[in-house]
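Structural features, examined
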There are 2 protein chains.
Amino acid sequence: MLKIPPHQVAGHKAGNGKLGPLVDESGRFYKPLQGDERGSNELKFYTSFSSDSRIPEHISKFFPTFFGTQLIEASDGSGLKPHLVLEDLSVGRDNPSIVDIKMGSRTWAPEASEEYIQKCLKKDRETSSLPLGFRLSGIQIYGNKESGYWKPERTSVQNLPAEEVKLILKRFVSSNTSTDMDMQPDCAFAATVYGGSTGILSQLLEMKAWFEDQTMYHFYSCSILIMFEKGLALEGQNPGGQIKLIDFAHVIEGRGVIDHNFLGGLCSLIKFISEILTAPSEHKSLVSSVNGVN
Amino acid sequence: MLKIPPHQVAGHKAGNGKLGPLVDESGRFYKPLQGDERGSNELKFYTSFSSDSRIPEHISKFFPTFFGTQLIEASDGSGLKPHLVLEDLSVGRDNPSIVDIKMGSRTWAPEASEEYIQKCLKKDRETSSLPLGFRLSGIQIYGNKESGYWKPERTSVQNLPAEEVKLILKRFVSSNTSTDMDMQPDCAFAATVYGGSTGILSQLLEMKAWFEDQTMYHFYSCSILIMFEKGLALEGQNPGGQIKLIDFAHVIEGRGVIDHNFLGGLCSLIKFISEILTAPSEHKSLVSSVNGVN
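Thresholds applied
- Residues numbered from 1 in each chain as written.
- Chains lettered and ligands numbered in written order.
- Predicted model: local features only at pLDDT ≥ 70, side-chain atom pairs only at ≥ 80, totals over all residues.
- Heavy atoms only, no water.
- UniProt positions renumbered as here; feature names shortened; annotations may be inferred.
- Contact = heavy atoms within 4.5 Å.
- Buried area = accessible area lost by both parts, 1.4 Å probe.
- Salt bridge = Lys/Arg side-chain N within 4 Å of Asp/Glu carboxyl O.
- Polar contact = N/O pair within 3.5 Å; in protein donor to acceptor, adjacent residues only side chain to side chain.
- Helix = DSSP H or I, 4+ residues; strand = E, 2+ residues; numbered from the N terminus.
- Nonpolar A, V, L, I, M, F, W, Y, C, P; charged D, E, K, R; others polar.
- Buried < 20%, exposed > 50% of the residue type's maximum accessible area, 1.4 Å probe, protein only.
- Expected span 1.5 Å × (residues − 1).
- Core = buried A, V, L, I, M, F, W, Y, C linked by side-chain atoms within 4.5 Å.
- Least-squares fit on C-alpha atoms with pLDDT ≥ 70 in both.
- Pairing = 2+ DSSP bridges.
- Axes fitted to C-alpha atoms, helices over the stretch in contact; angles between N-to-C directions.

The name an unreviewed UniProt entry assigns to chain A is Inositol polyphosphate multikinase, from the organism Solanum chilense. Per its UniProt entry, chain A bears the Function (unreviewed entry) comment "Inositol phosphate kinase with a broad substrate specificity." Checking UniProt for chain A, the heading Sequence similarities (unreviewed entry) contains the comment "Belongs to the inositol phosphokinase (IPK) family."

Given below as structure tokens:
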């Protein structure tokens, strides 16, 4: 039985006659293959990457498992359409907190069409991408059973200045997230989610080491998903903090050069997370412009 | 007695009635203060940076010493003009091999004028900046007393693909550089110039560690100079390999974010140098498009 993914925070969404991804009960995620070259490019990437013996296991774990393609009934009612069959990343998570971070100060590849380059460049300049090297592309933060999720409009988090982005990344690991948005985030779970030998920061550093070396792929317009289960954190258990790379429609060959655009953004994100771990209570701006979006 | 710097490889040059930098015999370098905001911005940077107690000594050594400003006779005969007074980086070097590498895939700051952004963006896309994260901006490689220097046209080295850039960075540390440009570079001095605990790679890694952390400045359109003395290398002595950062007319405040644009390019350059050290004889292209520029 296919259904709309309950925890999607960015990208095209199914429902109301729209084309979007679907999930089933066996833990698979069906992403409609975009009809243009984005679809063929993403399929090419998954096919190549999933059979590439140069990718070590400690890196391939950051990517969704790929199960090929399948014709299934599209979510918009347009009949059988080809879908990428991927691992459903939210499986086993009851109430995941998720942030989707689009990486790189530049989201366009040098060989893209002029029209596409101008469109992306405009958006990169209007959002946090240019100043920060990444932009928040979507987020949901679980509060508790009563309050549910804080899920601001995607457009309201894309173009925030550094201090606001840091505030959101603090809220992401705070216990007072969704009910008291005017309060300073307490960063109650910073150490257990971001810190530790298997936490988010360690995973980002593992990914960084690979990006400093790999010259096979340039990951334009990819996102890093950061996920964890606040319910477990509240119970004092390991919250299962995990990062995954998604969205490979604009990956190109690296041709012997590292992906300095992705890597620069990754180093910037790492700096934000490190600072939150080092000084969780430091803050410069008390009032956030996204407070009212609840 | 002021004279034209003998070893300038990039930037505006004095001579033939043109305005450019001058040097004196006491080891000072006089750079004309550009009349527009580039001049005031570079002066502002040197003034701020040279008195900034947050800059550790192992980092400030990568920057030219700043001695203030001085009115001197301009090289174009236009009379007394204000100049930045800096350390002459070529002092004590008889026959330096020098490469000027303009850093970053983006040479424009977000707040630059639209006209300036479009001009830089065009050049970044036409040169190696976009694919590599840096571009060669000028180079001179010393051969020996008879052959002198190999000094290709600056425009011929700015837009080379990765393999050609690697070839030039190999030539830079080879003994067969200027007389036999069709030969494969032997990388005879790779280990002594690029390698070792005080070599170029170690210095670049020291700089990288700072860039992963510092959020004070963003260094748009700066160059890294790499210099060494081949004469000393030929005699089996320490060739004095050294990196310096120059050209700060487009530095802006970091506002709490790392300079991911510079850092990405720096990581890319580090990868090139590392690969030359690891596999000096590996090459893919035998004939270089800049061979004929001698």
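With that out of the way, let us pick up the interface of chain A and chain B. Between chain A and chain B, the contact holds 31 residues from the first and 31 residues from the second. The contact between chain A and chain B buries some 2,300 Å² in all, and 58% of this surface belongs to carbon and sulfur atoms. On the chain A side of the interface with chain B, the three residues burying the most area are A:R125, A:H260 and A:K271, jointly 24% of the side's total. For the pair chain A and chain B, the interface holds 6 salt bridges. The interface formed by chain A and chain B includes 14 residue pairs in polar contact (both at pLDDT 80 or more). Among the elements of the structure, α3 (114–126), α4 (129–132) and α10 (260–278) of chain A are those that each provide at least two residues to the side of chain A that touches chain B. Sorting elements by how many residues they give to the side of chain A that touches chain B places α10(A) first, with 8 residues. Counted by class, the side of chain A that touches chain B contains 13 nonpolar, 10 polar and 8 charged residues.

All names here are of chain A. Mapped onto the elements of the fold, S97 is located in strand β5 (residues 96–103). The exposure class assigned to S97 is buried, which follows from its relative accessible area of 0%. From its side chain, S97 meets the backbone nitrogen of Y142 in a polar contact 3.0 Å long. Other than its neighbours up to four places away in sequence, S97 contacts Q140, I141, Y142, F172, I226, M227, F228 and K230.

Before going further, it helps to spend a moment on helix α10 (residues 260–278) of chain B. With 19 residues, α10(B) extends 26 Å from end C-alpha to end C-alpha; this agrees with the ideal 27 Å at 1.5 Å per step. In terms of burial, α10(B) is largely enclosed, as 15 of its 19 residues are buried.

What follows covers the pattern of salt bridges. Residue and element names in this part refer to chain A. Scanning all chains against the criterion turns up 30 salt bridges over all chains. The residue E206 makes a salt bridge to K61 at a minimum N-O spacing of 3.3 Å. Taken as a pair, E206 in helix α8 (residues 200–211) and K61 in the loop between α2 (57–60) and β3 (66–73) lie far apart in primary sequence, 145 residues in all. You can call K61 partly exposed: its relative accessible area is 36%. Between R135 and D124 there is a salt bridge, with the nearest N and O atoms lying 3.1 Å from each other.

What follows concerns the nonpolar core. A:F219, A:I224, B:F219 and B:I224 are the most contacted members of the largest nonpolar core, which has 126 residues in total. Those residues in contact with B:I224, other than ones at most four positions away along the chain, are B:V99, B:D100, B:I101, B:M103, B:L204, B:M207, B:I243, B:K244, B:L245, B:F262, B:L266 and B:L269.

What follows concerns the relation of the copies chain A and chain B. Structural alignment of chain A on chain B gives an RMSD of 0.0 Å, achieved by rotating through 180° and translating 0.0 Å along the axis. Taken together, the rotation and translation describe the operation of a two-fold axis. Measuring from the rotation axis to each C-alpha of chain A, the shortest distance belongs to A:G264, at 2.2 Å. Same-surface contact between copies: 100% of interface residues of chain A are shared with the interface of chain B.

It is worth spelling out the sheet that holds strand β9 (residues 223–229) of chain A at this point. Residue and element names in this part refer to chain A. An order of β7-β6-β5-β9-β10 is seen for the 5 strands of this open sheet, with the pairing classed as antiparallel. At either end of the open sheet lies a strand with only one pairing partner, and these are β7 (149–150) and β10 (242–246). Contacts between α8 and the sheet are confined to β9 and β10, with β10 contributing the most and set at about 40° to the helix.

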